Amino acid sequence: MDDRGAAGLIRRLRRALERHRHDGASELIAGGVSVAIQLAGAPLFLRACDRVGRGVRTMGAPRIVNRGRITIGDDVILCSRWNPIELVTGPAGSLEIGSGAHINFGTAISAQGAVRIGAGAQLGQYVIVSDTEVPGDGGEEPRPIEIGEGAWLAGRVTVLPGARIGAGAVVTAGSLVAGEIPPGVVAGGVPARVIRPVRGASASSAPEAAPRAAPAPAAAPPPAGRGTIIADFTADELARFLADPTHGPPLSAEAAPYDQVAQTLLQGARPDAADFAVVWTRPEGAVPAFARVLGFEEVAEAELLAGVDEFSTLLARGAASWRALYVPTWTLPPDRRGLGCLDARPGGATRALAAMNLRLMDRVAAIGNVYALDAQRWALAGGRAAQSPRAWFVGKVAFGAPVLAEAARDIQAAHRGLMGGARKLVILDLDDTLWGGIVGDVGWEGLRLGGHDPAGEALVAFQHRLKALTRRGVLLAIVSKNDEATALEAIRAHPAMVLREQDFAAWRINWDDKARNVAELVSALNLGLQSAVFIDDNPVERGRVREALPEVLVPEWPEDKLLYPSALDQLRCFDLPALSAEDAQRTRLYASDRERDAMRAEVGSLDAWLERLGVRAVAEPLGPSNLARAAQLLNKTNQMNLSTRRLTERELAEWAGAPGRHLWTVTVSDRFGEAGLTGIVSVEVEDGCGRVVDWVLSCRVMGRRVEEVMVHLAVETARRAGAASVEARLVPTAKNRPCLEFWRRAGLDAPEPALFRWDASRPYPLPATIQLEWRRSAAR
């Protein structure tokens, strides 16, 4: 079955299931309001089933149409909390759900013949399992489906008639299972194919094996931050999604009392929950005048904007207590149509809300640690389940689970970027990834790229999206099994190529193992593996890199090339709290590095090379013009970082402004151009000792004696402040060993393995090959 046929079949299955949802012949429960897990509710909700085991739990009401036989084993969990599970059997149908199985919301299972779900199996959200191509139509012969014990199906998997999924198998999200999946493997795609074995799975696993005890759950990763959810609606469920580590760093959050927004912001953060706050309000709750707009009263726009300003002032007050405030923009439920075709004109809710959101975004942009997030996109992603009028009146629930889940992922991504965890490098395969076809077989003239070919157009769009990433400071690189001359010729010669040689920071184009090439390339760029994303169309190569280099992010990649641009857009790993001029120029800076390396190969000694480079360093204090970039460098740099502390812009400015503290930023340039602000040195002088607090250097300028210039800056700062000694204590991490190695060879005393000391009665020598300009005030 090709991709087009598979997509059509999935659409037919979903349409048929929708007909069931709205069919008045549905015999039993048609509820949709979520309820808590209640053992007592299971007998009522499942009364149409022939057998229900002990300890079965339901979350919400499933929809059941049982014209055959349904048996449910012990301790099964059926979660219909946000969208009901649907269980359907025909007159000759048999549906068997084994003990300990877990079925999530929105899943539909249709058995016109036989469907068996093994013990301990887990089915994610919106899974479709049907033993006929059109559920319940009675026009075709059903083919039995078997899902083995302990199997796990991720969200939106479709299982077609006759499919068999082995015990312990894992099927990735969005896949279509049309045949047999062996036990103990990971499979994915349309149709699903084996990607790799499940780690630790036994090759002898079989569906007929005896029921197994559920494996011990892996230890949950510690939260990356602790904060508060402040809302004028019931938002407790958001905390659960924030704690989920599947899509981002888990965050621990506690919901503030319902509808106590102003009180909570004015009260401030608890010391153990001060990393972040999510301030999520309804527009009529935050700006009372907007409620009158919804009532079709005339309200001047100036009055609405004044209300936004008042709310923004409240946010600014609260921002002093938390490291970061995340403020979702305001949205309206889809059933609020306002004035219809006049709603975008003056007096309409659509126009008013647009003006309010724009004013809100402008106001919070001026508060360094407050970030407005696009809630409208979350609502669109939630579709029909985004909001429910009934849920509002029953429990003051303003948004459905899909919206909260999407919100949590964006908040996790924002917080990861704030803490310096954004990815900086995309490593790309070439054949069937950057272009269509195998260049070594068809030549560059025969590649699918551009033209009137849908796949070719999609690949050009994919390249445009990649090039756009470079303007956000993300580097591009190539790791490809290919002949280098042939591949580079295609990059240079193909007229539809968007990305050219100068757009790539580095490449490894050979026939060697890709995992080794990735590791070597990342090291050559002076980055850590945790900075890299690897994109390859081949699931075998993805699996190899994923297992060999677990720190590298290897996203599952669609088989359909038409989905490449959207798959890239959906990656949240590049989110940053700020963009600097250095970010926009990063690819050009790495291209300059290649020229420096070429010159170094021609010149013998390091000093001779540095003399020819003409390196110049400018040191200036922290100020408004360099604060954003300094905070970004502090939070992103891992390898050459003495203490690896993370501070927001506001925290960094407050720290540097205190008495006895001195912070210098270092900007580097040479004959090949500007490297930008690449270093930070901060010193705190107390009781005659100058303590180096921050010593941070971008890996891009390592090896040019800038490191020694920064030690010179620290010592001179302490000497001028009257210190008798200078100390630098390294806080070791898994990433900053290069920093430790530099300090060990920098010529200071080392009374302890990670403590370095200098007698401030003598200056630390400045490298003769570098010109230092020391400015006393920051540029404005």
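Keep in mind that what you see is a predicted model, and the values were worked out from it rather than measured. (Residues numbered from 1 in each chain as written. Predicted model: local features only at pLDDT ≥ 70, side-chain atom pairs only at ≥ 80, totals over all residues. Heavy atoms only, no water.)

Colleague: Please give an account of a nonpolar patch on the surface that cites residues and values.
Modeller: A contiguous nonpolar surface patch, about 280 Å² in accessible area, is contributed by F296, L339 and L342. Relative to the assigned elements, F296 resides in the loop between α6 (289-294) and α7 (301-319). Accessibility expressed as a relative area gives 53% for F296, which makes it exposed. (Patch = residues over 30% accessible without salt bridge, like charges linked within 9 Å, V, L, I, M, F, W, Y side chains within 5 Å. Areas by Shrake-Rupley, 256 points an atom, 1.4 Å probe, with all protein chains shown as cover. Salt bridge = Lys/Arg side-chain N within 4 Å of Asp/Glu carboxyl O. Helix = DSSP H or I, 4+ residues; strand = E, 2+ residues; numbered from the N terminus. Buried < 20%, exposed > 50% of the residue type's maximum accessible area, 1.4 Å probe, protein only.)

Colleague: Can you break down the pattern of salt bridges residue by residue, with the values?
Modeller: Throughout the structure, instances matching the rule amount to 48 salt bridges. With a closest N to O distance of 3.6 Å, E406 and R409 form a salt bridge. Taken together, the positions of E406 and R409, both in helix α11 (residues 401-418) and three residues apart, correspond to about one turn of that helix. Judged by relative accessible area, E406 falls into the buried class, the value being 12%. Given the relative accessible area of 25%, R409 is considered partly exposed.

Colleague: Now, about the nonpolar core: what can you tell me, with residues and values included?
Modeller: Core analysis: the biggest nonpolar cluster contains 41 residues, and W695, V711, W743 and L748 have the highest contact counts within it. Considering every element that reaches this core, the biggest residue donor is helix α23 (residues 706-720), with eight residues. Beyond its immediate stretch of four places on either side in the chain, V711 contacts W695, F742, W743, L748 and Y764. F241, L251, A385 and L404 belong to the second largest nonpolar core, which has 39 residues in total. (Core = buried A, V, L, I, M, F, W, Y, C linked by side-chain atoms within 4.5 Å. Contact = heavy atoms within 4.5 Å.)

Colleague: How would you summarise the pairing of strand β4 (residues 69-72) if you had to cite specific residues and measurements?
Modeller: Note that strand β1 (residues 51-52) and β4 share two bridges and pair parallel. Across the sheet, the residue bridging to R51 is T71, located in β4. As defined by bridge partners, β4 adjoins strand β7 (residues 94-97) across four bridges and the pair is classed as parallel. If you follow I70 over to β7, its bridge partner there is L95. (Pairing = 2+ DSSP bridges.)

Colleague: Tell me about helix α13 (residues 454-470), residues and numbers included.
Modeller: Over its 17 residues, α13 runs 25 Å from end to end, which matches the ideal 24 Å to within 8%, given 1.5 Å per residue. Every buried residue belonging to α13 is among A455, G456, A458, L459, V460, F462, Q463, L466, L469 and T470, and all of these are buried. (Expected span 1.5 Å × (residues − 1).)

Colleague: Could you give me a rundown of the confidence of the model for the protein chain, with the residues and numbers involved?
Modeller: Mean pLDDT over the protein chain: 85, with 86% of residues reaching 70 or higher. In the model, residues 20-40 has pLDDT below 50 throughout and makes 41 contacts with residues more than four positions away in sequence or in other chains. Residue range residues 201-218 is modelled with pLDDT below 50. Its contacts to residues more than four positions away, or to other chains, number 16 contacts. (pLDDT = per-residue confidence, 0-100.)

Colleague: Lay out the packing of aromatic side chains in plain terms, naming residues and giving numbers.
Modeller: Under the defined criterion, the tally for this structure stands at 17 aromatic pairs. Judged by centre distance (5.6 Å) and plane angle (90°), the ring pair of F105 and Y126 falls under edge-to-face. Of this pair, F105 sits in the loop between β8 (102-103) and β9 (108-111) while Y126 sits in the loop between β11 (122-123) and β12 (128-130); the two residues are 21 residues apart in sequence, bridging distant segments of the chain. Exposure remark for F105: the relative accessible area of 8% places this residue in the buried category. Using a relative accessible area of 16% as the deciding quantity, one classes Y126 as buried. An aromatic cluster is defined as three or more aromatic residues linked by ring pairs; in this entry it consists of F233, W280, W378 and F399. Over the ring of Y126 we find R156; its NZ or CZ atom is 4.4 Å from the centre of that ring. Here the basic side chain of K396 rests over the ring of W392, its NZ or CZ set 5.3 Å away from the ring centre. (Phe/Tyr/Trp six-rings, centres within 6.5 Å; stacked < 30°, edge-to-face > 60°. Lys NZ or Arg CZ within 6 Å of the ring centre and 35° of its normal.)

Colleague: How would you summarise the sheet that holds strand β6 (residues 86-89) if you had to cite specific residues and measurements?
Modeller: One open sheet holds the six strands; their spatial order is β3-β6-β9-β12-β15-β18, and the pairing between them is parallel. The outermost strands of the open sheet, each flanked by one partner alone, are β3 (63-66) and β18 (176-177). Here four bridges tie β6 to β9, and the two strands are oriented parallel to one another. Bridge pairing in β9 places E86 opposite A108.

Colleague: Got a sec to walk through the sheet that holds strand β28 (residues 475-481)? Specific residues and values, please.
Modeller: Working definition: the strands of a sheet are paired by backbone hydrogen bonds and lie parallel or antiparallel to each other. Strand order in the open sheet made by the four strands is β29-β28-β27-β30, with parallel pairing throughout. The open sheet terminates on both sides in strands that have one partner only, identified here as β29 (506-510) and β30 (532-535). In this sheet, adjacent strand axes meet at a mean angle of 20° when their direction is disregarded. Strand direction decides the pairing type here: β28 and β29, joined by five bridges, are parallel. Bridged to V479 within β29 is R508. Along the sheet, helix α15 (residues 514-524) contacts β27 (425-428), β28, β29 and β30; its crossing angle with β28, the most-contacted strand, is approximately 150°. (Axes fitted to C-alpha atoms, helices over the stretch in contact; angles between N-to-C directions.)

Colleague: Give a description of the environment of P732 that names residues and reports values.
Modeller: Residue position: P732 is located in the loop between β35 (725-729) and α24 (737-744). Under the relative-accessibility criterion, P732 is labelled exposed at 61%. Taking the C-alpha atoms as reference points, P732 and A754, separated by 22 residues in sequence, lie 7.8 Å from one another.

Colleague: Got a sec to walk through the packing of helix α9 (residues 375-382) against α11? Specific residues and values, please.
Modeller: Direction vectors running N to C along α9 and α11 enclose 135°, while the axes themselves pass 8 Å from each other. Relative to α11, the element α9 is oriented oblique. Crossing of α9 over α11 shows right-handed handedness. Judged by residue contacts, R377, W378, A379, A381 and G382 of α9 engage P402, V403, E406, A407 and D410 from α11. Residue composition of the contact of α9 with α11, by class: six nonpolar, one polar and three charged. (Parallel < 35°, antiparallel > 145°, perpendicular 65-115°, else oblique. Left-handed = near helix turned anticlockwise from the far one by under 90°. Nonpolar A, V, L, I, M, F, W, Y, C, P; charged D, E, K, R; others polar.)

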